[in-house]
Amino acid sequence: MLPVVILAGGLAKRMRPMTETIPKALLSVAGKPFIDRQLALLQKSGIERVVLCLGYLGEQIERYVKNGKHKMEILFSYDGDVPLGTGGALKKAAPLAGNAFFVLYGDSYLEIDYDDVQLSWQKSGKPALMAVFRNENRWDLSNVLFENNRIVRYSKTAPDAGMCHIDYGLGILSASTFEKYGQVFDVAELYSDLSEQNNLAGYEAANRFYEIGSFNGLNELEERIRELK
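Residues numbered from 1 in each chain as written. Predicted model: local features only at pLDDT ≥ 70, side-chain atom pairs only at ≥ 80, totals over all residues. Heavy atoms only, no water.

Chemist: Whenever I open this one, the overall build of the chain confuses me. Can you help?
Modeler: Helices and strands together make up the secondary structure of the chain, namely six helices and 13 strands. Compactness check: the chain gives a C-alpha radius of gyration of 17 Å against a globular reference of 17 Å for 229 residues, within 12% of the reference. With respect to the principal axes defined by its C-alpha atoms, the chain has extents near 45 × 35 × 30 Å. Across the 229 residues in the chain, those meeting the buried criterion constitute 52%. Contacts in the chain between residues at least 24 apart in sequence constitute 73% of all its contacts with a sequence separation of at least 6. Put simply, the chain shows about 11,000 Å² of open surface, and 47% of that area lies on carbon and sulfur atoms. (Helix = DSSP H or I, 4+ residues; strand = E, 2+ residues; numbered from the N terminus. Rg over C-alpha atoms; globule rule 2.2 N^0.38 Å. Buried < 20%, exposed > 50% of the residue type's maximum accessible area, 1.4 Å probe, protein only. Contact = heavy atoms within 4.5 Å. Areas by Shrake-Rupley, 256 points an atom, 1.4 Å probe, with all protein chains shown as cover.)

Dropping the structure here:
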């Protein structure tokens, strides 16, 4: 299995005042810090190595994870003095992850078959893949035009009416895709460029995504966790 790089360095402004003193990854979800929920799901999926991209209050996350009992290798990559953006954070973390790796948003809880996603990427022959979900503007604005297992167009900033799918919060990137980018950039820019170059495979997820990037999302995930007990 490919390793997973988790983007967990954001400021979490939408979750304030809860995140004024603790990072989003440590917010309680049904009685446990979210990072525990996320890592347990990855471990259950067969992931053996995780790289956490950290920034805002990242030392708290590292300290908490190191004191845990997660049965996987967990490494840490910090932005440093200057915020690198999501793309820059991934580029910096790439040497710890290898030639290719899963990319998981730090606030996403995804019930998906990682083996199947990886197999789909391998069969595609593309340097990258984005998992998508047929959203039709239900949980957020749809931002992906998905046809024939390929991302035809992705735009985080300018979605159009023809887009029915949304970025699921999970992808696969080859380290080579970062070569032409500088130190600071957004991964959305990379995904958009890859889609325009016909270099971005797609994988349609069957289960809806859960996230803790909003108070409503946090409440929905807590309801889901209670359903699973």
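Moving on, there is more to tell.
Chemist: Even after reading the chapter, I still don't get the packing of aromatic side chains, so can you show me in this structure?
Modeler: In this description, a pair of aromatic rings is defined by centroid distance and the angle of the planes. Tallying each qualifying case throughout the model produces 10 aromatic pairs. With 6.1 Å between their ring centres and 70° between their planes, tryptophan 139 and phenylalanine 209 make a pair best called edge-to-face. In this pair, tryptophan 139 sits in the loop between β8 (128–134) and β9 (144–147) while phenylalanine 209 sits in the loop between β12 (200–204) and β13 (210–211), placing the two residues 70 residues apart along the sequence. For tryptophan 139, a relative accessible area of 32% gives the class partly exposed. Using a relative accessible area of 9% as the deciding quantity, one classes phenylalanine 209 as buried. Among the aromatic residues, ring-to-ring pairing joins Phe101, Phe178, Tyr181 and Phe185 into one connected group. Arginine 208 extends its terminal NZ or CZ atom over the ring of tyrosine 210, reaching a point 4.1 Å from the ring centre. (Phe/Tyr/Trp six-rings, centres within 6.5 Å; stacked < 30°, edge-to-face > 60°. Lys NZ or Arg CZ within 6 Å of the ring centre and 35° of its normal.)

Chemist: When you look at the side chain of serine 108 in this model, what are you seeing that I'm missing?
Modeler: Among the structural elements, serine 108 can be located in strand β7 (residues 108–109). Apart from residues lying up to four places away in sequence, serine 108 is in contact with Phe34, Gln38, Tyr168, Gly169, Tyr210 and Glu211.

Chemist: I would appreciate a short explanation of empty space enclosed by the protein in the present structure.
Modeler: In the structure shown here, the tally under the stated rule is one cavity of 30 Å³ or more. The calculated volume of the largest cavity comes to roughly 40 Å³. Around the largest cavity, the lining residues are Gln38, Leu41, Leu42, Leu104, Ser108, Tyr109, Leu110 and Tyr114. Elements with a minimum of two residues in the lining of the largest cavity: α1 (34–44) and β7. Tallying contributions element by element places α1 first for the lining of the largest cavity, with three residues. Residue classes in the lining of the largest cavity are distributed as six nonpolar, two polar and no charged. (1 Å grid on protein atoms, 1.4 Å probe; cavity = no way out; pocket = protein on both sides within 12 Å on 5 of 7 lines; lining within 4 Å. Points joined across faces, edges and corners; volume = space filled by probe spheres on them. Nonpolar A, V, L, I, M, F, W, Y, C, P; charged D, E, K, R; others polar.)

Chemist: Sorry if this is basic, but what is going on with the nonpolar core here?
Modeler: Generally speaking, a soluble globular protein has its nonpolar side chains buried in company with each other. Counting residues in hydrophobic clusters, the biggest one holds 37 residues, and the most contacted among them are Leu42, Val50, Leu52, Ile112 and Leu170. In terms of residues, this core owes the most to one element, strand β11 (residues 165–174), which gives four residues. Membership of the second largest hydrophobic core comes to 28 residues, among which are Val103, Phe146, Leu190 and Tyr191. (Core = buried A, V, L, I, M, F, W, Y, C linked by side-chain atoms within 4.5 Å.)

Chemist: Looking at this model, I keep getting lost on the pattern of salt bridges. Mind explaining?
Modeler: Side-chain pairing between opposite charges can occur once the charged atoms of the two side chains come close. Going through the model one piece at a time under the given rule, you end up with nine salt bridges. For arginine 224, the salt bridge is made with glutamate 111, and the minimal N-O distance between the two is 2.8 Å. Of this pair, arginine 224 sits in helix α6 (residues 215–228) while glutamate 111 sits in the loop between β7 and α4 (114–124), and the two are 113 residues apart along the sequence. Each of Glu111, Arg224 and Glu227 takes part in one network of salt bridges that share partners. (Salt bridge = Lys/Arg side-chain N within 4 Å of Asp/Glu carboxyl O.)

Chemist: Sorry if this is basic, but what is going on with the layout of surface pockets here?
Modeler: Gaps between atoms show up when a probe of the same size as a water molecule is rolled over them. Of the voids in this model, the second largest pocket is the one considered here, and its volume is about 180 Å³. Among the elements of the structure, α1 and α6 are those that each provide at least two residues to the lining of the second largest pocket. The leading source of residues in the lining of the second largest pocket is α1, at four residues. Each residue belonging to the lining of the second largest pocket can be placed in one class, and the counts come to five nonpolar, no polar and four charged.

Chemist: In this structure, what is going on with the environment of cysteine 53? I would like to understand it.
Modeler: In this structure, cysteine 53 sits in strand β4 (residues 49–54). Given the relative accessible area of 2%, cysteine 53 is considered buried. A C-alpha to C-alpha distance of 8.8 Å links cysteine 53 and leucine 75, two positions 22 residues apart in sequence. Apart from the residues lying within four places of it in its own chain, the contact partners of cysteine 53 are Val5, Ile6, Leu7, Ala8, Gly9, Ser77, Ala89, Leu90 and Ala93.

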